Amino acid sequence: MKKLRRATDSGREDPENATVDQISLFDQKTVTLRGWIANFRSSGKIAFLQIRDGTGIIQCVGDVQELGPEKFEKLKALTLESSLIVEGVVRKDARSKIGYEIGLKDFEILNISPEFPIGNKEHGVAFLMEHRHLWLRSSRQVALLRVRSEVIRAIRDYFDGRGFYLMDSPILTPNACEGTSTLFETPYFDDKAYLTQSGQLYGEASALALGKIYVFGPTFRAEKSKTRRHLTEFWMVEPEVAFMDIYGDMDLAEDFVEYVVQRTIKNRKTELEYLERNLEPLSRVRKPFPRITYEAAIDILNKNGKPAAFGDDFGGDEETVISQQFDRPVMIHHYPLAIKAFYMKQSEENPKLAACVDMIAPEGYGEIIGGGQREDNMEKLVKRLEEQKLPKEAFEWYLDLRRFGSVPHAGFGLGVERTVAWITGVPHVRETIPFPRMMEKIFP
Ligand code: 4AD
Ligand code: MG
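This write-up is about the structure you can find in this document. A quick note: this is a predicted structure, and the numbers were derived from the prediction, not measured. (Residues numbered from 1 in each chain as written. Chains lettered and ligands numbered in written order. Predicted model: local features only at pLDDT ≥ 70, side-chain atom pairs only at ≥ 80, totals over all residues. Heavy atoms only, no water.)

## Some details on the sheet that holds strand β5 (residues 100-111)
(1) Moving on: The strand order β1-β2-β3-β5-β4 describes a closed barrel built from five strands, whose pairing is mixed. Neighbour to neighbour, the strand axes of the sheet diverge by 50° on average, direction disregarded.
(2) Moving on: Summarising the sheet, strand β4 (residues 83-92) and β5 pair through 10 bridges and their orientation is antiparallel. Paired with Val86 across the strands is Phe107, a residue of β5. (Pairing = 2+ DSSP bridges. Helix = DSSP H or I, 4+ residues; strand = E, 2+ residues; numbered from the N terminus. Axes fitted to C-alpha atoms, helices over the stretch in contact; angles between N-to-C directions.)

## Brief notes about the side chain of Arg384
(1) Moving on: Note on placement: Arg384 falls in helix α12 (residues 378-387).
(2) Moving on: Residues within four places of Arg384 in sequence aside, it is in contact with Leu337, Lys340, Ala341 and Phe342. (Contact = heavy atoms within 4.5 Å.)

## Notes on the site of ligand 1
(1) Moving on: Taken together, 22 residues lie near ligand 1, and Glu178, Gln200, Arg221, Glu238 and Glu367 sit nearest.
(2) Moving on: Contacts to ligand 1 include Phe412, whose backbone N or O atom sits 3.5 Å from a nitrogen atom.
(3) Moving on: In the complex, the protein chains occlude 94% of the 630 Å² of accessible area that ligand 1 would expose alone.
(4) Moving on: For the shell around ligand 1, the secondary-structure elements that each account for two or more residues are β11 (233-242), β15 (366-373) and β16 (409-415).
(5) Moving on: The element best represented in the shell around ligand 1 is β15, accounting for five residues.
(6) Moving on: Across the shell around ligand 1, the residue classes break down as seven nonpolar, seven polar and eight charged. (Near = heavy atom within 4 Å. Polar contact = N/O pair within 3.5 Å; in protein donor to acceptor, adjacent residues only side chain to side chain. Areas by Shrake-Rupley, 256 points an atom, 1.4 Å probe, with all protein chains shown as cover. Nonpolar A, V, L, I, M, F, W, Y, C, P; charged D, E, K, R; others polar.)

## Digging into the sheet that holds strand β9 (residues 191-195)
Two orientations exist for strands paired in a sheet by backbone hydrogen bonds: parallel and antiparallel.
(1) Moving on: A sheet is described by the order of its strands in space; here three strands give the open sequence β7-β9-β8, paired in antiparallel fashion. The strands lining the two open edges of the sheet, one partner per strand, are β7 (172-173) and β8 (185-188).
(2) Moving on: In the sheet, β7 pairs with β9 via two bridges, with the strands oriented antiparallel. In the strand pairing of β9, Thr173 is matched with Tyr194.

Shown next, in the form of structure tokens:
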């Protein structure tokens, strides 16, 4: 009976390509379903198979009378994660979480798994991480990664629907964007190259060509931080807009984050409930978000037992104290110029400050957005490169953007994994990307 799926199937309304998420379309009909054993038990004359197919889990009931004794015996060989194709009749079942089960008429086993390393018992994180390729099959990981997929879809829909062009930036680059201490270097024929830390500089060139653009791709940082917020490879979306200033940038950031959060909780409610995420704080993520200056943030820290002074940068602990004062994401703007990247625009009101912004997520999830207005004055930008001891030659192409038709422009970068960790409520970013890369983790 082997019936493989057609590559073009959508699963909808086609009983031979049924999927668990669409099963209610097929009440009383005979369907073909493909999947893996998520659980299995049998008693003399009847067997209960929990089959997962990537879209959900459904119980299939095999009965010796319907299948015949020979076929029924074969069912008993099934083990956790064995793969099979089943054919059976969909019927309503009040005890089922999804409201339906399948009465088996026939099946074909594709592979009998030896003992699956990840059972129902508790496993340590190190063990699960070593088996990430198999851990992905667990219901919790499936739910998390479905949310990730939806977050990415919302990001794309937001920009695609508002006149932004997607402009890919290179991964192999000749220069640093976010400081030289976290660069991954790689040989490049007779020369060397660096894995990109941010697509921003190329995004700026693209914005001066197409007006409103976004860069979306993987970025790399040789971060020696072993925290729950740091990966060495993470995905970042970076809009960049010509003729926009820091205030327009903050308007864009809050509108965008509101959209991504509200759409994800609407479209992935089942998964978020499965993950036991409290949706109440997320439902409050509505604009306007509070905006405070860096100096106001320093005051908050001093009043809440975290002494701080002008010139200090904020780490995770400081961000948490500040975010606890608010019931939604907070934007901190105008940090000291001296602690920020070379491209940040010097404030016109106060030369000690940069026209930049960080957005801090609530509930201790820390910085999810960093961005700001870019220095569009040639002389000032050259001076900043010198101050930060960056090689001017490598940035000549970037300086051209100030030579030829320089305009005020701004943008930001949002980290996908930190955003998914916040929306799903998981404590560590390692579960929010299929195969996390961290300081001590590059396998599998
Ligand atoms: O604040 P960052 O370093 O900003 C930039 O890279 C700018 N060039 C972006 C721009 O303006 N176009 O990084 C932006 C965001 C952070 O707020 C955080 O969400 C995420 O990227 N991020 C990380 N996520 C996971 N692991 C890391 N090591 C991260 N570093 C930054
Ligand atoms: Mg930052």
